[in-house]
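Each chain is listed here by its residues.
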Amino acid sequence: MLLLGIILLVIGLLTGTSILWTIGIILAVIGALLWIMGSMGHAVAGRRHYW
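Regarding helix 1 (residues 2-15)
Part 1: For helix 1, with 14 residues, the first-to-last C-alpha span of 20 Å sits near the 20 Å given by 1.5 Å per residue.
Part 2: Buried residues in helix 1 make contact with helix 2 (18-39).
Part 3: A positive phi of about 80° marks Gly 16, the residue just after helix 1.

A closer look at the environment of Met 1
Part 1: Structurally, Met 1 can be placed in the segment before helix 1.
Part 2: Judged by its relative accessible area of 40%, Met 1 falls in the partly exposed class.
Part 3: In the structure, Met 1 is positioned 34 residues away from Trp 35 in sequence and 9.4 Å away in space, judged by C-alpha atoms.

Comments concerning the packing of helix 1 against helix 2
Part 1: Two elements in contact, helix 1 and helix 2, have axes separated by 7 Å at closest approach and are oriented at 160°. Taken together, the axis directions place helix 1 and helix 2 in an arrangement best described as roughly antiparallel. Here the hand of the crossing between helix 1 and helix 2 comes out left-handed. On the side of helix 1, the interface is formed by Leu 2, Leu 4, Gly 5, Leu 8, Leu 9, Ile 11, Gly 12, Leu 13 and Thr 15, while helix 2 contributes Leu 20, Trp 21, Ile 23, Gly 24, Ile 25, Leu 27, Ala 28, Gly 31, Ala 32 and Trp 35.
Part 2: The residue inventory of the contact of helix 1 with helix 2, partitioned by class, reads 14 nonpolar, five polar and no charged.

Section: helix 2
Part 1: Relative to the 32 Å expected for 22 residues at 1.5 Å per residue, helix 2 spans 31 Å between its end C-alpha atoms, a close match to the ideal helical length.
Part 2: Those residues of helix 2 that sit buried are Gly 24, Leu 27, Ala 28, Gly 31, Leu 34 and Gly 38. Within helix 2, the buried residues cover an arc of 135° as seen down the axis, which keeps them to one side.
Part 3: Where helix 2 is buried, its residues meet helix 1.
Part 4: Gly 41, located one to two residues past helix 2, shows a positive phi value of around 100°.

Rules behind the numbers
Residues numbered from 1 in each chain as written. Predicted model: local features only at pLDDT ≥ 70, side-chain atom pairs only at ≥ 80, totals over all residues. Heavy atoms only, no water. Helix = DSSP H or I, 4+ residues; strand = E, 2+ residues; numbered from the N terminus. Expected span 1.5 Å × (residues − 1). Contact = heavy atoms within 4.5 Å. Buried < 20%, exposed > 50% of the residue type's maximum accessible area, 1.4 Å probe, protein only. Axes fitted to C-alpha atoms, helices over the stretch in contact; angles between N-to-C directions. Parallel < 35°, antiparallel > 145°, perpendicular 65-115°, else oblique. Left-handed = near helix turned anticlockwise from the far one by under 90°. Nonpolar A, V, L, I, M, F, W, Y, C, P; charged D, E, K, R; others polar. Arc of directions from axis to C-beta.

Here it is, written out as structure tokens:
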């Protein structure tokens with residue numbers, strides 16, 4: 001999810017599409033939070049590790 005967010009951020013930046021930029025920011029933040037929670041040992045969505 002983090003990678004998809006970054007890809008959408010880049011595409012939104014290059015094309016000037018604000019909706020892609022917004023969705024990319026949201027997905028990148030959610031992906032980063034899930035990654036941090038998973039690396040701290042918290043079970044995320046029933047999984048011990050979240051990739």
